[in-house]
Amino acid sequence: ATGVDQVVGMGLVAFSLILFSYYTVWVIVLPFVDSDHIIQKYFLPREYSVILPGVAALILILCVAFIGAVTWRNRKPKKVD
Amino acid sequence: MTKLLEWLLGISVVMSTWGLLTFDLLDLKLPPVYKEVAWPMPVYLLVVFGCYSLATVGYRVATFNDCNEASQELQAQIKEAKKDLQKKGLKF
């Protein structure tokens, strides 16, 4: 793969690594850290670690349903010219 | 046992362990830190799986074997074939 493909591909890899690291620290590391440690201010309250992925999943499902609905509505009878 | 039954069994074992820990149904008197880590676990595992999928797709897009020479050779052969067939009377 060359050019844009490589950039997009490695961009996806980098993004998922960043997301994984941040989320892992948020869910697994933070409970073991003192509540007055400086790192705590970089993370939202714990409830959001479940609410935000839930909202993201909802939006994803809505997008998929929308695409499916538009595709279904645009289906034509058998003979495609 | 079918694969579906295996997966359902595995998932129900994991989910019941999670339920026991989160809602303290066995009164294990664990330190509350572990409860804090346990209750987001299902969402956490889904997010990790999503990240892994995204990384795999991205990596395989970036390292896809393009075969540029083979592509150009094929296009040249297509041109040659078209010329040849047109000479022999086939209309495109």
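Cut-offs applied
- Residues numbered from 1 in each chain as written.
- Chains lettered and ligands numbered in written order.
- Predicted model: local features only at pLDDT ≥ 70, side-chain atom pairs only at ≥ 80, totals over all residues.
- Heavy atoms only, no water.
- Helix = DSSP H or I, 4+ residues; strand = E, 2+ residues; numbered from the N terminus.
- Areas by Shrake-Rupley, 256 points an atom, 1.4 Å probe, with all protein chains shown as cover.
- Lys, Arg positive; Asp, Glu negative; His and termini not counted.
- Charge placed at Lys NZ, Arg CZ, Asp CG, Glu CD.
- Core = buried A, V, L, I, M, F, W, Y, C linked by side-chain atoms within 4.5 Å.
- Buried < 20%, exposed > 50% of the residue type's maximum accessible area, 1.4 Å probe, protein only.
- Contact = heavy atoms within 4.5 Å.
- 1 Å grid on protein atoms, 1.4 Å probe; cavity = no way out; pocket = protein on both sides within 12 Å on 5 of 7 lines; lining within 4 Å.
- Points joined across faces, edges and corners; volume = space filled by probe spheres on them.
- Nonpolar A, V, L, I, M, F, W, Y, C, P; charged D, E, K, R; others polar.
- Domains from an automatic or database assignment.
- Buried area = accessible area lost by both parts, 1.4 Å probe.
- Salt bridge = Lys/Arg side-chain N within 4 Å of Asp/Glu carboxyl O.
- Polar contact = N/O pair within 3.5 Å; in protein donor to acceptor, adjacent residues only side chain to side chain.

Peer 1: I'm lost on the overall build of chain B in this one. Help?
Peer 2: Across its full length, chain B carries four helices and zero strands. Listing the helices and strands of chain B from first to last along the sequence gives α-α-α-α. Of the accessible surface of chain B, which amounts to about 7,800 Å², a share of 68% is contributed by carbon and sulfur atoms. Computing the positive centroid from 10 side-chain charges and the negative centroid from 9, chain B places the two 14 Å apart.

Peer 1: Teacher, can you tell me more about the nonpolar core here?
Peer 2: Y23(A), W26(A), V27(A), L30(A), F43(A), Y44(B), V47(B) and C51(B) together form the largest nonpolar core, which totals eight residues. Every element with two or more residues in this core is listed here: α1 (4-29) of chain A together with α3 (41-62) of chain B. Excluding residues within four positions of it along the chain, F43(A) makes contact with Y22(A), V25(A), W26(A) and L30(A).

Peer 1: I keep staring at the layout of surface pockets and nothing clicks. Help me out?
Peer 2: The method is simple in principle: a probe with the dimensions of a water molecule rolls over the atoms, and the space it marks as empty is what remains. Its volume calculated, the largest pocket comes out at about 510 Å³. In terms of lining, the largest pocket is formed by 17 residues, of which the most central are P53(A), A56(A), A57(A), L46(B) and V47(B). Broken down by secondary-structure element, the contributors of at least two residues to the lining of the largest pocket are α1 and α2 (48-73) of chain A together with α3 of chain B. Element by element, the count of residues in the lining of the largest pocket is highest for α2(A), at seven residues. Here the residues of the lining of the largest pocket are counted per class, giving 15 nonpolar, two polar and no charged. Lining the second largest pocket, in full, are I11(B), V14(B), M15(B), T17(B), W18(B), L21(B), A38(B), M41(B), P42(B) and L45(B). Elements that contribute at least two residues to the lining of the second largest pocket include exactly α1 (3-22) and α3 of chain B. The leading source of residues in the lining of the second largest pocket is α1(B), at six residues. Class assignment for the residues of the lining of the second largest pocket results in nine nonpolar, one polar and no charged. For the lining of the second largest pocket, the two domains that each supply at least three residues are domain 1 (1-36) and domain 2 (40-92) of chain B.

Peer 1: I'm lost on the interface of chain A and chain B in this one. Help?
Peer 2: By a widespread convention, an interface's size corresponds to the accessible area lost as its parts come together. If you look at the interface, chain A gives 23 residues, while chain B gives 20 residues. Summed over both partners, the interface of chain A with chain B comes to about 2,000 Å²; 78% of that surface belongs to carbon and sulfur atoms. Ranking the residues of chain A by area buried against chain B places A1(A), Y23(A) and R46(A) at the top, with a combined share of 24%. Linking E36(B) and R46(A) is a salt bridge whose minimum nitrogen-to-oxygen distance equals 3.0 Å. At the boundary of chain A with chain B, the tally comes to two residue pairs in polar contact (both at pLDDT 80 or more). Elements with a minimum of two residues in the side of chain A that touches chain B: α1 and α2 of chain A.

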